[in-house]
Amino acid sequence: MQLKNIATIVALTGFIAIGSASVNGFNSQSNQAVAKEINIMTVKTSQNNASVKEAKKDATGLTVSQKIEMLTKHKGMFGSGDELRRYFFGDLDPISVQPGGAGMVVNLYNKANNTTFAYCSTYDVVVAVKSGKVKMFEASEVK
């Protein structure tokens, strides 16, 4: 009877030792897998941050240079005023008013990208675009 008890105790101890070894091995592999996944996610996040910094696209999906290019392409066309407001909402400061367009033209300066836009409110169009702070455009540019 004592031999049975000893055999049972040895068998149970062996199972416990084997079970704990397999659990520790599983945890070790699991921890390594989690560490690899975290490393991969960190690399992807840093790559995404780098591409975001390069492009700096906003809700319109355009970069600042693309926005200015589109406004320059569409200047004098119906809808360019809406385009100007959509692209630079809240970023434009009026710096001067001058004759041109269908009466008066307002020169709006965006200091974030150092660009001045001449805007005719009568027809709601952008009539001129220049880089830098321009107080007065030439008359031929804002007619």
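Throughout what follows, the structure given in this document is the object of discussion.

Cut-off values and rules
- Residues numbered from 1 in each chain as written.
- Predicted model: local features only at pLDDT ≥ 70, side-chain atom pairs only at ≥ 80, totals over all residues.
- Heavy atoms only, no water.
- Pairing = 2+ DSSP bridges.
- Helix = DSSP H or I, 4+ residues; strand = E, 2+ residues; numbered from the N terminus.
- Axes fitted to C-alpha atoms, helices over the stretch in contact; angles between N-to-C directions.
- Buried < 20%, exposed > 50% of the residue type's maximum accessible area, 1.4 Å probe, protein only.
- Salt bridge = Lys/Arg side-chain N within 4 Å of Asp/Glu carboxyl O.
- Core = buried A, V, L, I, M, F, W, Y, C linked by side-chain atoms within 4.5 Å.
- Contact = heavy atoms within 4.5 Å.
- Phe/Tyr/Trp six-rings, centres within 6.5 Å; stacked < 30°, edge-to-face > 60°.

1. Focus on the sheet that holds strand S4 (residues 125-131)
In a beta sheet, neighbouring strands are held together by backbone hydrogen bonds and run either parallel or antiparallel to one another. Strand order in the open sheet made by the four strands is S1-S2-S3-S4, with antiparallel pairing throughout. In this open sheet, the two strands that pair with only one neighbour each are strand S1 (93-100) and S4. Taking the axes of each pair of neighbouring strands and ignoring which way they run, one obtains an average angle of 25 degrees across the sheet. Alignment of strand S3 (residues 115-120) against S4, held across six bridges, turns out to be antiparallel.

2. Some words on the environment of threonine 122
With respect to the element layout, threonine 122 can be found in the loop between S3 and S4. A residue is classified by how much of its surface remains accessible, and threonine 122, at 51% relative accessible area, is exposed.

3. Thoughts on the pattern of salt bridges
Applying the stated criterion across every chain yields a total of three salt bridges. With a shortest N-O distance of 2.4 Å, arginine 85 and aspartate 82 are connected by a salt bridge. Here aspartate 82 and arginine 85 lie together in helix H3 (residues 80-87), a separation of three residues that amounts to about one turn. We classify arginine 85 as partly exposed; its relative accessible area is 36%. Note that lysine 130 is salt-bridged to glutamate 141, the shortest N-O span being 3.5 Å. Highlighted residues: lysine 130 in strand S4 and glutamate 141 in the segment after S4, separated in sequence by 11 residues. Using a relative accessible area of 28% as the deciding quantity, one classes glutamate 141 as partly exposed.

4. So, the nonpolar core
Counting residues in hydrophobic clusters, the biggest one holds 12 residues: Leu62, Ile68, Leu71, Leu84, Tyr87, Phe88, Leu92, Leu108, Phe117, Tyr119, Val126 and Val129. For this core, the secondary structure elements donating two or more residues are helix H2 (64-74), H3, S3 and S4. Setting aside chain neighbours within four positions, we find isoleucine 68 in contact with Phe88, Asn113, Thr115, Phe117 and Val129. Counting nine residues, the second-largest nonpolar core is a separate cluster that includes Val105, Ala118, Val125 and Ala128.

5. Digging into unusual backbone geometry
For residues besides glycine, phi is generally negative; the peptide bonds are generally trans as well. Positive phi is not limited to glycine here, since asparagine 114 has a value of about 55 degrees. Relative to the assigned elements, asparagine 114 resides in the loop between strand S2 (103-110) and S3. Phi is positive for aspartate 124, close to 55 degrees, though the residue is something other than glycine. Looking at the secondary structure, you find aspartate 124 in the loop between S3 and S4. We classify aspartate 124 as buried; its relative accessible area is 17%.

6. Topic: the packing of aromatic side chains
By the definition in use, this model includes two aromatic pairs. Each ring, one from phenylalanine 88 and one from phenylalanine 117, has its centre 5.2 Å from the other, and the planes form 35 degrees; the classification is tilted. Of the two residues, phenylalanine 88 is situated in the loop between H3 and S1 and phenylalanine 117 in strand S3; the sequence distance between them amounts to 29 residues. An aromatic cluster is present here, built from Tyr87, Phe88 and Phe117 joined pairwise through their rings.

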